Structure formats: C-alpha cells, structure tokens
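This is what each chain is made of:
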Amino acid sequence: MENMIACHDCDLLLSRPRVPPGSVAQCPRCGSTLIVRSVNSIERTLALAIAGLILFVPANLYPLLTLEALGIRQSQTVFSSAMSLYNDGLWLVALLILLFAILVPLVKLLLLLYISASLHGRRFWRGTALALRSYQHLDEWGMLEVYLLGVAVSVVKLVDVAAIEPGLGLYSLVALILVTLLSSTQLNRDLFWHLIGERQSHPQPDFGQHDPTAAAPICCHDCSLLCPPALEGTPCPRCHAKLHARTPNSLSWTWALLVSALFLLLPANLLPIMTIRTLGRGDPSTIIEGVIELTQHGLFWIALVVLIASVIIPVGKLIGMFILLLSVQLGWTTNLRQKMLMFRFVEWVGRWSMLDIFVVGILVALVQLGNLTHIIGNHGATAFATVVICTMVAAQKFDTRLIWDRHLETSASDQSPPTTDVCEPPRS
C-alpha cells in the first residue's frame, strides 16, 4: 500500500507513478490531477509567500482608484468597499468582501509561509499538518482575481462620467494576484505531505495481508494517505482529519444547499442590487437592468461578462449540480468522465459569480460625490451573495466518488491496477 495512490475524485486505486520534475500525473479513468511535481517547490513557495506578504501591505493600504468630478476627489480601497456596504446596512455582503478579498488571501499567505519555512528548516514546527489542511480548504475562497475583474468593470462603467486614476494599490494588487497564482501552481502537495509524514514520524497504517476482495482502503481526503477500512471514523495518522470512505451526508447537504440557492435565486434577480442617485433622483436597478444599461451605453462586451457571471453561471451551476445528484440517486452510469468534467467546471467557475457583488462594493465606495451623485447598495446584493455561497458550499459537500460507485461494482473483477497518465511538459 505504500506504493499505491487513490484518486480523490473516483477512488480508483493506482500504482504510484514516478513523475518527472515539471510533469503531472493524471487519473486514467476520470482525468483528475493526482500529482503535480514542481521543481524546488519548497524554496519557491517560501519566496513567493514572502513576496506576497510584502505586496499585501500596499495593495490594501493605498487607493486602488481615485475618482474626480467637478473638483471632488474620492478614493477607494478594498476595505472601504466593505465599509461602504456596511454603512448601507448590507453587513453580510460587507463581511463576505472582507473575507474573500482581504482576510482569506492574507491567511493563505501566512499559512504558506509557515508550511514552507517549517519544511525548509531543519526543525519541524508543530501544527504544520493542520496549516496545510487549512490552506487546502481555503484555497478557492480567496478571490483577488475576481475582485480585480470587478475593478475593471467599475472603471468601464465610470470612465465616461468622471476622471479615473489608478493608484499604487491597484498595481500592488495586480502583482499580488500574480504571486498568489504562482504560489498555488508551485505548491507540490504530494511532496509536502510526504515530508510532513516523515518528519513527524507517524506510524504507517498496518494493512496486514490485504485481501483484494475485501473492503477498499480509505483514502484520506486531506492528505491522500491510504488507511485500512477499520480506521474509518478515527483521525488520520498523518494529518489528523477524520477518515471517511465517503463524505458523511453528502447528498443531503448538497440537496439542501441547492434547494436553498434555487429559492434565493428569484429575489436575487428581482430585488434591486444598487441605486444610483443623481441630484437627489434615481431608481433602484436589478442585475438585468444593469446589463441592459451597459448595452445601451455601447458597452456590449462588459455587459456580456456581467450577464455570464451574474445570471448564466449561477443558473448553469444549479442545473449541473442537479444533474450530478440525479446521476447518483438514479444510478446513471453513462458518460461518467463527461460528468466529472462538468463538475470540475462548475466547481471552478462558481467563485466568478461574486463579480457583481464586488462591483457593487467598489461603486458604492467610489461614487460618493454628495448631492451630485452617489450610489447606495440594496438588499438584492445580499440575496445574490447567499446564492453564490450556497452553490459553492454545495459543490464542496458533493462527493464525486459516489458517481463512480456503481461503476466500481461492475469493474471489481479487474485484478491488475491500471497505470496513471503522466503528462510531461513540451520540450523546446
């Protein structure tokens, strides 16, 4: 079992491949990524974490944008976006902006610094396994790149109304996003967990004389350690997460979250998301009305981006997740690989639905020109943000291994473990 690995998405047991530096090992059945071997992963992640923390300070202290109209100047930072919505009574939306655009990116960088410094040094620091587990769970909740797209949409909306000047915070934010994206690609999770297991000297799980016809080993969904079925419900010997063959109550949680998102989708699109007041006059506008307004001003491509992120993606996510749930409960075993591709797309694209929320926060903070013009956030933003959170958590709660359970029963007669697909980088 020390030379085996299980796929996170379909639970296929495989012989651990020898992955050359700079290459990727993929599951031959569902196509998911098993191992990404980066060169000098520890040193690079340590350097990128330090660089990210340095860039984090100006990206949040200095203004991203400065608006000037009729001699009035108004600056906007990430923090001011959240506080402006809080002052309008949208405390939940303000909290989400604080979490996704400030706190989560900062915590991710601190955790990455702690993990890479611990593995780089001679002495192993306590809590490294917990730090890596926490980093993995927080990975998709940092949304700096979505916030940057929201800044671009806001600039396009206001460029014909007032003079917009980029600030030092915007340049720092762009650099910070590049550093965080590079740190995610350079993080070799398989190597990191292997080193953590060696340095904390955890006992290797004893499988004894493992019978291939017996219950399959349990793969820890946090550190990928294979453990005997008898350890189900106990802490993982390496990362201390609770071991489960399948995520507990996965279908119940996913159904509840999706139904909640479906009911909230109606008020999210019918209630106004913000109000633009000019000289004391102005009507609230919904998401669709905002898209129509952009189209009327000739900003077709920006309107298309907002339409896709705010309407098409949430609806498509709900449809895709309902199809996956029905596939599990009705036992559909056709096109399983295509369903896995659909799930990965749904999981990846979900965070981009926060675009409209970030745009509202930026506009509310930036356009505060007294009686001349000011923008107010409305409660449609709260309903829409709740829809996004429900669909993202539903995708996390859904256990994709349930899709393959029926297929595993029909293929149980296969005795020889398949080999993984190793994708080498193109050679110059």
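The rules we used
- Residues numbered from 1 in each chain as written.
- Predicted model: local features only at pLDDT ≥ 70, side-chain atom pairs only at ≥ 80, totals over all residues.
- Heavy atoms only, no water.
- Helix = DSSP H or I, 4+ residues; strand = E, 2+ residues; numbered from the N terminus.
- Buried < 20%, exposed > 50% of the residue type's maximum accessible area, 1.4 Å probe, protein only.
- Contact = heavy atoms within 4.5 Å.
- Phe/Tyr/Trp six-rings, centres within 6.5 Å; stacked < 30°, edge-to-face > 60°.
- Lys NZ or Arg CZ within 6 Å of the ring centre and 35° of its normal.
- Core = buried A, V, L, I, M, F, W, Y, C linked by side-chain atoms within 4.5 Å.
- Pairing = 2+ DSSP bridges.
- 1 Å grid on protein atoms, 1.4 Å probe; cavity = no way out; pocket = protein on both sides within 12 Å on 5 of 7 lines; lining within 4 Å.
- Points joined across faces, edges and corners; volume = space filled by probe spheres on them.

Asker: Whenever I open this one, the overall build of the protein chain confuses me. Can you help?
Answerer: Regarding its fold elements, the protein chain presents 14 helices and 13 strands. When the 428 residues of the protein chain are sorted by exposure, 49% land in the buried category. Excluding contacts between residues fewer than 6 apart, the proportion of contacts in the protein chain whose partners are at least 24 apart in sequence is 71%.

Asker: Quick question: what am I supposed to make of the packing of aromatic side chains here?
Answerer: Remark: the centre distance and the inter-plane angle together describe each pair of aromatic rings, the angle taken between the planes. Following the criterion strictly, the structure yields seven aromatic pairs and no others. Joined through ring pairs, the aromatic side chains of F345, W348 and W352 make up one cluster. It is K397 that lies over the ring of W253; its NZ or CZ is 5.0 Å from the centre.

Asker: What am I meant to see in the nonpolar core here?
Answerer: The tendency in soluble globular proteins is for nonpolar side chains to be buried side by side. With 97 residues, the main nonpolar core has Y147, M354 and F398 as its most contacted residues. Of all hydrophobic cores here, the second largest spans 24 residues; its members include A49, W193, L195 and A241.

Asker: Help me understand the environment of R126 in this model?
Answerer: Here R126 shows up in the loop between helix 3 (91-120) and helix 4 (128-138). R126 sits in the exposed class, given a relative accessible area of 78%. Taking the C-alpha atoms as reference points, R126 and Q200, separated by 74 residues in sequence, lie 8.9 Å from one another.

Asker: Help me understand the pairing of strand 6 (residues 72-76) in this model?
Answerer: Note: strand 5 (residues 65-69) against strand 6, five bridges, orientation antiparallel. Looking at the pairing, E68 lines up with R73 of strand 6. Turn length for the strand 5-strand 6 hairpin, with the two strands adjacent in sequence and antiparallel, is two residues, and the turn residue L70 shows positive phi of about 55 degrees.

Asker: What should I look at first to understand empty space enclosed by the protein in this one?
Answerer: Where empty space is left can be seen by rolling a probe of water-molecule size over the atoms. Taken as a whole and assessed by the stated rule, the structure comprises two cavities of 30 Å³ or more. Within this model, the largest cavity holds a volume of roughly 90 Å³. Surrounding the largest cavity, K157, I273, M274, S285, T286, I287, G290, V291, V306, D356, V359 and V360 form its lining. Mapped onto the lining of the largest cavity, the elements with two or more residues apiece are helix 9 (287-296) and helix 12 (355-366). Approximately 40 Å³ is the volume found for the second largest cavity. Lining the second largest cavity are E140, K317, V346, E347, G350, T391, M392 and A395.

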